[in-house]
Amino acid sequence: IAERINDIGVGLFNAKEYVKAFGVYTECVRLAPDKVAYLGNRAAAGLKCKGKERDVVSDCQRAVELQPDYVRGYVRMGQALLAIGDRGEHGDVPTLRRAKSMLKKALELDPSSAGAKKTLKEVGMSLMLHADSDDEDSAAKVVPLDATAGPHSDSVLVPGVMLDPDIDKLPPGE
């Protein structure tokens, strides 16, 4: 019976009725609490619903406990943790670090996971935005230029940003 109910949930999810799908998948999880597919389906629906991120984390945690190689569980957990950690002006750096850890685990299991790669980049951006100076992979490193660098010796150098060496020769406004 849970499988027939799951099929209804799939139909609702495909119709973008995420709140209803979440409810249907909740019934599936009630009937078969250790079925990874039902936990994963409810997590997928929960990611599409506002305020369900903690439920998603819980479902994914349970799913990866049951099936440690469940890549989607790590990816969805990372996505939910990103949503939780990215709230507020200062963000929640420990939650963002946990998201990063889950996504790295997903990539260990499946290096080609596009969802894990994309979300990991977003987590890195959030960690930079929230000034996680302890995060060696994503924190902006600011290095002063030496005195031989010319008229911009008081400026800073940020990796990935190219300064035009002829910047002083440009007319104003360019």
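Residues numbered from 1 in each chain as written. Predicted model: local features only at pLDDT ≥ 70, side-chain atom pairs only at ≥ 80, totals over all residues. Heavy atoms only, no water.

K.L.:
Summarise the environment of T95; cite the residues concerned and give the values.
P.N.:
Note that T95 resides in helix α6 (residues 93–109). Spatially, the C-alpha atom of T95 lies 9.4 Å from that of G78, the residues being 17 residues apart in sequence. Leaving out residues up to four positions away in the same chain, T95 has contacts with L81, I84 and G85. (Helix = DSSP H or I, 4+ residues; strand = E, 2+ residues; numbered from the N terminus. Contact = heavy atoms within 4.5 Å.)

K.L.:
Now, about helix α4 (residues 53–66): what can you tell me, with residues and values included?
P.N.:
The terminal C-alpha atoms of α4, which comprises 14 residues, lie 20 Å apart, in line with the 20 Å expected from a rise of 1.5 Å per residue. Here the buried face of α4 lies against α3 (36–47), α5 (71–85) and α6. (Expected span 1.5 Å × (residues − 1).)

K.L.:
Talk me through the side chain of T119; I want residue IDs and the actual numbers.
P.N.:
Of note, T119 is situated in helix α7 (residues 114–129). For T119, a relative accessible area of 3% translates into the label buried. Filtering out sequence-adjacent residues up to four positions away, T119 remains in contact with G78, Q79, L82 and L103. (Buried < 20%, exposed > 50% of the residue type's maximum accessible area, 1.4 Å probe, protein only.)

K.L.:
Let's hear about the confidence of the model for the chain: which residues, and what values?
P.N.:
Here the chain shows a mean pLDDT of 83. Residues at 70 or above account for 75%. Segment residues 137–174 is flagged for pLDDT under 50; beyond a separation of four residues in sequence, or across chains, it makes 29 contacts in the model. (pLDDT = per-residue confidence, 0-100.)

K.L.:
Outline the pattern of salt bridges, listing residues and values.
P.N.:
Per the counting criterion, the structure on display carries 8 salt bridges. Between K20 and E17 there is a salt bridge whose closest N-O contact spans 3.9 Å. Each member of the salt-bridge network shares a partner with another, and the members are D34, R62 and E65. (Salt bridge = Lys/Arg side-chain N within 4 Å of Asp/Glu carboxyl O.)

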